[in-house]
Amino acid sequence: MNAPVTRRNAILGIAVAATSLVAPSMLRAQSAGRVVVVGGGFGGTACARALKRADARLQVTLIEPNKTYVSCPFSNEVIAGLREIEAQQFGYDRLGAAGITVVAQAATAIDAQKRRVTTSDGTAFGYDRLVLSPGIDFHLEALPGYDEATSETMPHAWKAGAQTLLLRRQLEAMPDGGTVAIAIPANPSRCPPAPYERAGLIAHYLKTKKPRSKVLILDAKDTFSLQRLFEQAWKELYGDMIERVALSQGGRVTSIDAATKTIVTEFGNYTPDVANVIPPQRAGRIAGVAGVADATGWCPIDPVTFESKLVPNVHVIGDASLGGGIPKSASAASAQGKAGAAAIVNLLAGRTPEAPRLAGVCYSTVAPGYGFSLAGNYQPRGDIFAEVEGGATSPVDAPRELRAREATEAERWFQAITADCFG
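Now for a look at the structure at hand. Computed from a predicted model, the values in this text were never measured in an experiment. (Residues numbered from 1 in each chain as written. Predicted model: local features only at pLDDT ≥ 70, side-chain atom pairs only at ≥ 80, totals over all residues. Heavy atoms only, no water.)

### So, the overall build of the protein
Quick note on the threshold: Where helices and strands are cited, they refer to DSSP runs of H or I of at least four residues and of E of at least two residues respectively, numbered from the N terminus. Partly exposed residues are those whose accessible area sits between 20% and 50% of the maximum for their type, while under 20% is buried and over 50% is exposed, using a 1.4 Å probe and protein chains only. Residue contacts are counted whenever heavy atoms from the two residues lie within 4.5 Å of one another.
Of the regular secondary structure elements, the protein holds ten helices and 22 strands. Over its C-alpha atoms, taken along the principal directions, the protein stretches across nearly 65 × 45 × 40 Å. Here the protein holds 423 residues, and 58% of them are scored as buried. Restricting to contacts in the protein with at least 6 residues of sequence separation, those with at least 24 account for 68%.

This is how it looks when you write it as structure tokens:
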């Protein structure tokens, strides 16, 4: 059994906690097989590496169209001018060196009956087990007026890369005294604390560069993760620079007027100088192609094996899955990748997979040297993951020394998880 999360063992987040699930049963694998992994983020790379470590005879293929992965964790610091985008970029060469076949194409079709994945160049890859780790896509139908073209003037920056840099440039070009609006969707969404971290880091940029400006949060929720910690930090660091309009106050965005760059809510309209619109989300596109997403837009799974409840021999990990109490985060995706790999190796060998116990931590920073965290333990309960005892949240009334230490731990966590996944 894994130890409860503590400040010491949480540095590697879920990646460490899940590792112990992989080792004993997986190393006893008696037969090799073909496993195709679609998606080269934290979940897909962790899964591919864990499979190959378990049994070098396994034919593991990772299908990912981008030759460089751009990490969402810490991308808020890029937006705020505290970090360069190059620090967020990771390649796949070391996965290839580990014996994993890396295919730089998009998966375009999945034939579950024939167990075959077809890529954009027409190549077909057969599999015994398929792992989908596609992350999120946007549910644009749920936000009238917002589309890909609109994101070029009202960026979401919720997929790291060009959008991250676009939002940064807009902040740099905004006059002092301007308003930055952040539109936040209802859950489920990727990394629930991240929009509030972004608000704090943008406020830090404005305080140091454009102190007459303000941040306006338009929120489709009344409460949010780590709320007391964020609100205390905002007040302590930025005074009244950040204003939040909650759901019950009319903060839910109902539509976008792209022509006038107006954000429309239930109780009023806003035309900020910079509009960061984060749309509602659902599982990545290939999940719909594969038939593993249900009417919610997300993918129901067996939490012991991560196998789809809709399509046999297909496993879904990371943000795309309906994980219950476990958050959609990089550390969760990495953990699910490792635990899913353990289940797959056992299934290929004809053994019953063990129920996983996942543990991990989510860090948030709201200024240089000011961070806090939420750690949790999760186990299967019925059809989903439920949080169990042993987690920890940063204390609200903590000295600055602790905040500084947790900011350092956040950086160490990022270095550890990226090394673990990308090499």
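Next comes the rest of the write-up.
### Quick look at the packing of aromatic side chains
The following threshold applies: Any two of the Phe, Tyr and Trp rings considered here, Trp counted by its six-membered ring, make a pair once their centres fall within 6.5 Å; the pair's planes then place it as stacked at under 30 degrees, edge-to-face at over 60, or tilted in between.
Considering all chains together, one arrives at 15 aromatic pairs under this definition. Judged by centre distance (6.1 Å) and plane angle (65°), the rings of F90 and F414 are edge-to-face. Taken together, the residues F90 in strand β4 (residues 89-91) and F414 in helix α10 (residues 400-422) connect sequence positions 324 residues apart. In terms of burial, F90 and F414 fall into one category: buried. Here Y363 and W413 contribute two aromatic rings whose centre-to-centre distance is 6.4 Å and whose plane-to-plane angle is 50°, an arrangement assigned as tilted. With a gap of 50 residues between them, Y363 in strand β20 (residues 358-367) and W413 in helix α10 connect regions that are remote in the sequence.

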